[in-house]
Amino acid sequence: MAEVTGTGRVKRGMAEMLKGGVIMDVVNAEQAKIAEDAGAVAVMALERVPADIRAQGGVARMSDPDMIQKIQAAVSIPVMAKARIGHFVEARVLESLGVDYIDESEVLTPADYENHIDKFDFTVPFVCGATNLGEALRRINEGAAMIRSKGEAGTGDVSNAMQHMRKIGGEIRRLSSLREDELYVAAKELQAPYDLVKEVAQTGKLPVVLFTAGGIATPADAALMMSMGADGVFIGSGIFKSGNPAQRAAACVKATTFWDDPKVIADASRGLGEAMVGINVADLPAPHRLAERGW
Amino acid sequence: MKVGVLALQGDVREHISSLIACGVDAVPVRRESEIQSIDALVIPGGESTTIAQLSEVFGIYDLLRERIASGTPVYGSCAGMILLAAEILDAKVGQKSFGGLDISVRRNAFGRQVDSFESDIEFADGSQELIRAVFIRAPWVEKVGNEVQVLASINSHPVAVRSHTALATSFHPELTGDHRIHRYFIEHVARPALEKVK
């Protein structure tokens, strides 16, 4: 009875278990408890939420191992953490800490502007961001076991997440409508491996779980993303940059489960206090747009 | 037979596919009326704390508990096993279960995600063939009551157990495309239990 760890099925399967759930950014054990109590399926441990990274500037890196371990000790749900794009040593450190998922994230400052991490080389699974189908398939080809649409993190503006979900969904639908002999050119155009392109064309979906992220700040935002076909949502700054984090967190969890029931979303949206202030993505100068990192 | 898959969170779709492959009518259930209309219930893999909490928030916790207690056939995988346990070890403070199986279950007993694994194991359904079992941050059973039968173990920790009306596995048969466990639930747990009621 050989027990095999780190298989594709175990890595992708972990993401399947998160479906229909909300993964919340937290910066300390106290916030992690609030997230767990609100019904989060996992927490993302990081030093600064994207809104603060944006406000404070500078190089954003992997979090302090001490902080990650305090969060691991505080909650029983899975704990994820972010590594810089291409920073495989940060990823090794996170793996050694026993984090349950690594987000190779454009929210941190990239360590490599050409290559991403070879994620097959790890036992811990990875989630990566994507703005379109080609990018998603390139990440899966490198071993990502879960994809999230990028959106524009730290803005509270859901428009980019919407755009990325429409783009990924639209490109999948287009592939499904092609003749088999047209898939070679489609793979070339998507800059993605032919085998993955063919798989998506046949199944009509990504081969891994697709979450959405970036700019989600309200229960209705979360429900909007679910109705666009997301398997679940990441909420970063939206919760702990709002007036009443515990209540907003629970409300977003409810709206994610009952995304197709406007009455539940209405109830969940009542009396939540102030949402995060937010920035319109259109007002952000191009060098400050995080979604454009990654290739 | 109409089987409901509790659809608050988790890998609902995979269980529905496996059940349909076994020839039963399978539907996602979240609301009171939906739960009342089913003959048998499946609790999927997912996050046990989230599923328990959502069942309370949406007012179906008591109904689920009552239906399971009154003998509605039920199968739970991973988080589902935790939610069927009479006692949860390493639980979140105040974490509730629906009960239904006289077992003590330890959450994340096999470790964190880096320890998640797959393995070929024996399953006591009369077949000699091994079954591919996928364990993801999986629980194991530490104590079983008199009425509970152990169907599979790893290193002497029970990972599949049953009573007259309930089945639970630490692993995820819904992820492998092998429908043997679901068929076992339908043919050897649910059908006999439902026929007895008739």
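First, a word on what this report is: a plain description of the structure on this page. Counting of residues starts from 1 at the beginning of each chain's written sequence and follows it residue by residue. For naming, the first written chain is A and the first written ligand is 1, with later ones following in the order written. The predicted origin of the model limits local features to residues at a pLDDT of at least 70 and limits the giving and counting of side-chain atom pairs to 80 or more, whereas totals for whole chains, interfaces and linings rest on all residues. Excluded from the side-chain calculations are hydrogens and water; all other atoms, namely the structure's heavy atoms, are used.

Here we look at the overall build of chain B
Condition: Secondary structure counts use DSSP, requiring at least four H or I residues in a row for a helix and at least two E residues in a row for a strand, with both numbered from the N terminus. Burial classes follow relative accessibility: with a 1.4 Å probe on protein chains only, a residue under 20% of its type's maximum area counts as buried, one over 50% as exposed, and anything between as partly exposed. In what follows, a contact means two residues having at least one pair of non-hydrogen atoms within 4.5 Å. Two residue types count as positive, namely Lys and Arg, and two as negative, namely Asp and Glu; His and chain ends fall outside the count. Here the site of a charge means NZ on Lys, CZ on Arg, CG on Asp, or CD on Glu.
From N to C terminus, chain B includes 6 helices and 12 strands. With respect to the principal axes defined by its C-alpha atoms, chain B has extents near 40 × 40 × 35 Å. By the burial criterion, 62% of the 198 residues in chain B qualify as buried. The long-range fraction of contacts in chain B, counting pairs at least 24 apart against all pairs at least 6 apart in sequence, stands at 65%. With 20 positive and 25 negative side-chain charges, chain B shows a separation of 4 Å between the mean positions of the two kinds.

Topic: the environment of Tyr113 of chain A
Its location among the elements puts Tyr113 of chain A in the loop between strand E5 (101–105) and strand E6 (126–130). In sequence terms Tyr113 of chain A and Arg293 of chain A are 180 residues apart; their C-alpha atoms lie 8.3 Å from each other.

Quick word on the packing of aromatic side chains
Residues and elements named next belong to chain B. How we decide: Here a Phe, Tyr or Trp ring, Trp counted by its six-membered ring, pairs with any other such ring whose centre lies within 6.5 Å, and the pair is stacked when the planes are under 30 degrees apart, edge-to-face when over 60, and tilted otherwise.
Across all of its chains, the model carries 12 aromatic pairs over all chains by this definition. Considering the side-chain rings of Tyr75 and Phe185, the 5.8 Å spacing of their centres and the 40° angle between planes classify their relative orientation as tilted. Pair noted here: Tyr75 is in strand E4 (residues 74–77) and Phe185 is in helix H6 (residues 180–197), with a separation of 110 residues, a long-range link. With relative accessibility at 0%, the residue Tyr75 sits in the buried group. For the pair Phe123 and Tyr184, a centre-to-centre distance of 5.3 Å together with 85° between the ring planes defines the contact as edge-to-face.

Considerations on the sheet that holds strand E1 (residues 4–5) of chain A
Within a beta sheet, neighbouring strands are joined by backbone hydrogen bonds and run either parallel or antiparallel to one another. Spelled out, the test is: Two strands qualify as a pair provided that DSSP identifies no fewer than 2 bridges between them.
One open sheet accounts for 3 strands, arranged E1(A)-E7(B)-E8(B); its pairing is antiparallel. Edge strands, defined here as strands with exactly one partner in the open sheet, are E1 of chain A together with strand E8 (131–135) of chain B. In this sheet, strand E7 (residues 117–121) of chain B lies alongside E1 of chain A in antiparallel orientation, the contact comprising 2 bridges. Among the inter-strand pairings, Thr5 of chain A is bridged to a residue of E7 of chain B, identified as Phe117 of chain B.

Considering helix H3 (residues 48–57) of chain B
By the criterion of burial, H3 of chain B is predominantly enclosed, with 7 of the 10 residues buried. Those residues of H3 of chain B lying buried are Ser48, Thr49, Thr50, Ile51, Ala52, Leu54 and Ser55 of chain B. Those residues of H3 of chain B that are buried are in contact with helix H12 (245–257) of chain A together with strand E1 (2–6), helix H4 (61–69) and helix H5 (79–84) of chain B. Directly beyond the C-terminal end of H3 of chain B, a positive phi value near 70° is found at Gly59 of chain B.

Structural notes on the state of the cysteines
Two cysteines, two sulfur atoms, one covalent bond between them: this is a disulfide. All names here are of chain B. This is how it is decided: Criterion for a disulfide: a pair of cysteine sulfur atoms within 2.5 Å.
Scanning all chains against the criterion turns up 0 disulfides over all chains. In this structure Cys22 is not part of a disulfide, and its nearest cysteine sulfur, from Cys78, lies 20 Å away. Residue classification places Cys22 among the buried positions, given a relative accessible area of 14%. On the basis of relative accessibility, which here comes to 6%, the residue Cys78 falls in the buried class.

Overview of the packing of helix H2 (residues 29–38) of chain A against helix H4 (residues 65–74) of chain A
All names here are of chain A. Selection criterion: Angular values range over 0 to 180 degrees, each being the angle between N-to-C directions of two axes fitted as lines to C-alpha atoms, with helices fitted over their stretch in contact. Crossing chirality is assigned from the near helix's rotation relative to the far helix, an anticlockwise turn below a right angle marking it left-handed and a clockwise turn marking it right-handed. Each residue gets one label: Ala, Val, Leu, Ile, Met, Phe, Trp, Tyr, Cys and Pro are nonpolar, Asp, Glu, Lys and Arg are charged, and the others, such as Gly, are polar.
Running from N to C, H2 and H4 point in directions that differ by 35°, and their axes come no closer than 9 Å. Crossing of H2 against H4: the hand is right-handed. Contact residues: H2 offers Ala29, Ala32, Lys33 and Glu36, while H4 offers Lys70, Ile71 and Ala74. In the contact of H2 with H4, the residues fall into 4 nonpolar, no polar and 3 charged.

Quick notes on the side chain of Lys150 of chain A
All names here are of chain A. This is how the line gets drawn: Each polar contact in these results corresponds to two N or O atoms within 3.5 Å; when the atoms are within protein, one needs to be able to donate a hydrogen and the other to accept it, and residues that are neighboring in sequence are counted only if both atoms are side-chain atoms.
Here Lys150 shows up in the loop between strand E7 (146–149) and helix H7 (159–177). With a relative accessible area of 3%, Lys150 lands in the buried category. At a separation of 2.7 Å, a polar atom in the side chain of Lys150 contacts the side chain of Glu135. Discounting chain neighbours no more than four positions away, the residues touching Lys150 are Glu106, Gly129, Ala130, Thr131, Glu135, His164, Ala213, Gly214, Ala291, Arg293 and Gly294.

Digging into the interface of chain A and chain B
You'll often see interface size given as the accessible area lost when the parts meet. Cut-off, in case you're wondering: A simple way to read buried area is as the amount of 1.4 Å-probe accessible surface that goes missing from two parts once joined, with both sides added. In the sections that follow, a salt bridge refers to a side-chain nitrogen of Lys or Arg positioned within 4 Å of a carboxyl oxygen of Asp or Glu.
Between chain A and chain B, the contact holds 44 residues from the first and 41 residues from the second. Taken over both partners, the interface formed by chain A and chain B buries close to 3,400 Å², and the fraction arising from carbon and sulfur atoms is 54%. At the boundary of chain A and chain B, one finds 8 salt bridges. Between Asp100 of chain A and Arg137 of chain B there is a salt bridge whose closest N-O contact spans 2.9 Å. On inspection of chain A and its partner chain B, the count reaches 25 residue pairs in polar contact (both at pLDDT 80 or more). Looking at the side of chain A that touches chain B, the elements that each hand over two or more residues are E1, helix H1 (8–16), H2 and H12 of chain A. Residue contributions to the side of chain A that touches chain B peak at 6 residues, all from H1 of chain A. Of the residues assigned to the side of chain A that touches chain B, the class counts are 19 nonpolar, 12 polar and 13 charged.

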